[in-house]
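As a plain string of letters, each chain reads:
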Amino acid sequence: MNLPDFTLLVDFFLPSHCGVCGLGTTVRGVCASCRAEFDPWTQEAACGRCGDRLTEDEREGICAECALDPPFFDAVRAGFWYAPPLDALIQRFKYGGDLRLGHALARALAQERSSPPVVDVLVPVPLARQRLRSRGFNQAAVLARDLGAAWHVPVLLETVQRRRETLHQARLHAAARRENLRSAFAVDRVQGIAGRRVGVVDDVLTTGATLNALAAVLRECGAAVVQGIVLARALSPARRSR
């Protein structure tokens, strides 16, 4: 019996309601009907460094932006493109506090990646204390815990801290995002990072400014590899008009 046949049998005998529509049944978090509406991110169509969508004239696997100014991180792996209906679901999870939906989306991401990423530890992008208290949870930590359990990879929840409150990245253009994150992160437990392949988990990646700022700090602490692992990859602002 192949894997798709097995999961269909499990869904049939041990069903639960879909975390997205609440109607379909599945033990994998998202029913087949909802999952079919997500736009899958594929490595072949994306930049080998930042994960953004390649244009037809970028045939070498690296986008023009990364070729000109390589980031501190090594690669990005996403589950899906940030597009309807997934974009609204992520907003509902992140700002509406729908943790059940968050767990369902994490399971969808774990299943979408046909093989687990080659990393030694997972690190969620941290929230500042004030924002964490206001929101009540860190969406990246929710995803990281579930992915760590699915992939059997340790999750370091307290190793990286956000030193200060920053403006919401979604309100800023690319240059302002980089400035906003200057000296925003610190690593408290270097021994958990040095010499290891680190997967940085977040919900959405747009310009890559947050991941790049965090990757720079992890590199300074001796990380051997830094890879972004995100639920959804949004097109960067520079590519939306192309």
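Before reading on, note that the structure itself is shown above.
Now for a description of the structure that goes with this document. Each chain has its residues counted from 1, following the order in which its sequence is written. Totals for whole chains, interfaces and linings use all residues, but because this is a predicted model, local features are given only for residues with pLDDT of at least 70 and pairs of side-chain atoms are given and counted only at 80 or more. Side-chain metrics rest on all non-hydrogen atoms present in the structure, leaving aside hydrogens and water.

A separate point is unusual backbone geometry. Following Pro 84, the chain continues into Pro 85 via a peptide bond in cis, with omega recorded as 0°. Backbone geometry at His 152 places phi at a positive 60°, although glycine is not the residue there. A run of H or I in DSSP becomes a helix once it reaches four residues, and a run of E becomes a strand once it reaches two; helices and strands are each numbered from the N terminus. Its place among the elements puts His 152 in the loop between helix H7 (139-151) and strand E3 (160-162).

This part takes up the packing of helix H5 (residues 99-112) against H7. Think of two packed helices as two axes; the pair is described by the angle between the axes and how far apart they sit. Where H5 meets H7, the axes come as close as 9 Å, and the angle between the chain directions of the two elements is 40°. The pairing of H5 with H7 is recorded here as oblique in orientation. Once H5 is placed against H7, the crossing between them reads as right-handed. Together, Leu 99, Gly 102, His 103, Ala 106, Leu 109 and Ala 110 of H5 and Val 142, Leu 143, Asp 146, Leu 147, Ala 150 and Trp 151 of H7 make up the contact between the two elements. Classes in brief: Ala, Val, Leu, Ile, Met, Phe, Trp, Tyr, Cys and Pro nonpolar; Asp, Glu, Lys and Arg charged; the others, Gly included, polar. Counted by class, the contact of H5 with H7 contains 9 nonpolar, 2 polar and 1 charged residues. All axes here are fitted lines through C-alpha atoms, helices being fitted over the stretch that makes contact, and every angle between N-to-C directions spans 0 to 180 degrees. Here the word oblique covers every angle except those under 35 degrees (roughly parallel), over 145 (roughly antiparallel) and from 65 to 115 (roughly perpendicular). For a crossing to be left-handed, the near helix must be turned anticlockwise from the far one by less than a right angle; the clockwise case is right-handed. When checking whether two residues touch, look at their non-hydrogen atoms; a contact exists if any pair is within 4.5 Å.

Here Asp 203 lies in strand E5 (residues 197-205). Classification of Asp 203 by relative accessible area gives buried; the value is 2%. At a separation of 3.3 Å, a polar atom in the side chain of Asp 203 contacts the side chain of Lys 94. Setting aside chain neighbours within four positions, we find Asp 203 in contact with Ile 90, Lys 94, Gln 139, Leu 143, Val 230, Leu 231 and Ala 232. Here the term buried applies to any residue with accessible area under 20% of the maximum for its type, exposed to any over 50%, and partly exposed to those in between, with areas from a 1.4 Å probe on protein chains only. Pairing of N or O atoms within 3.5 Å defines a polar contact, subject to two protein rules: one partner must be a possible hydrogen donor and the other a possible acceptor, and residues neighboring in sequence count only if both atoms are side-chain atoms.

Before going further, it helps to examine the pattern of salt bridges. Pairing between side chains of opposite charge can happen when the charged atoms of each approach one another. Salt bridge criterion: a side-chain nitrogen from Lys or Arg within 4 Å of a carboxyl oxygen from Asp or Glu. Under the definition given, this model contains 6 salt bridges. A salt bridge links Asp 52 to Arg 233; its shortest N-O distance comes to 4.0 Å. Of the two residues, Asp 52 sits in the loop between helix H2 (32-35) and helix H3 (64-68) while Arg 233 sits in strand E6 (residues 225-233), which places them 181 residues apart along the sequence. For Asp 52, a relative accessible area of 2% gives the class buried. One salt bridge connects Asp 98 with Arg 92, and the closest N-O pair in it is separated by 3.1 Å. Classification of Arg 92 as partly exposed rests on a relative accessible area of 35%.

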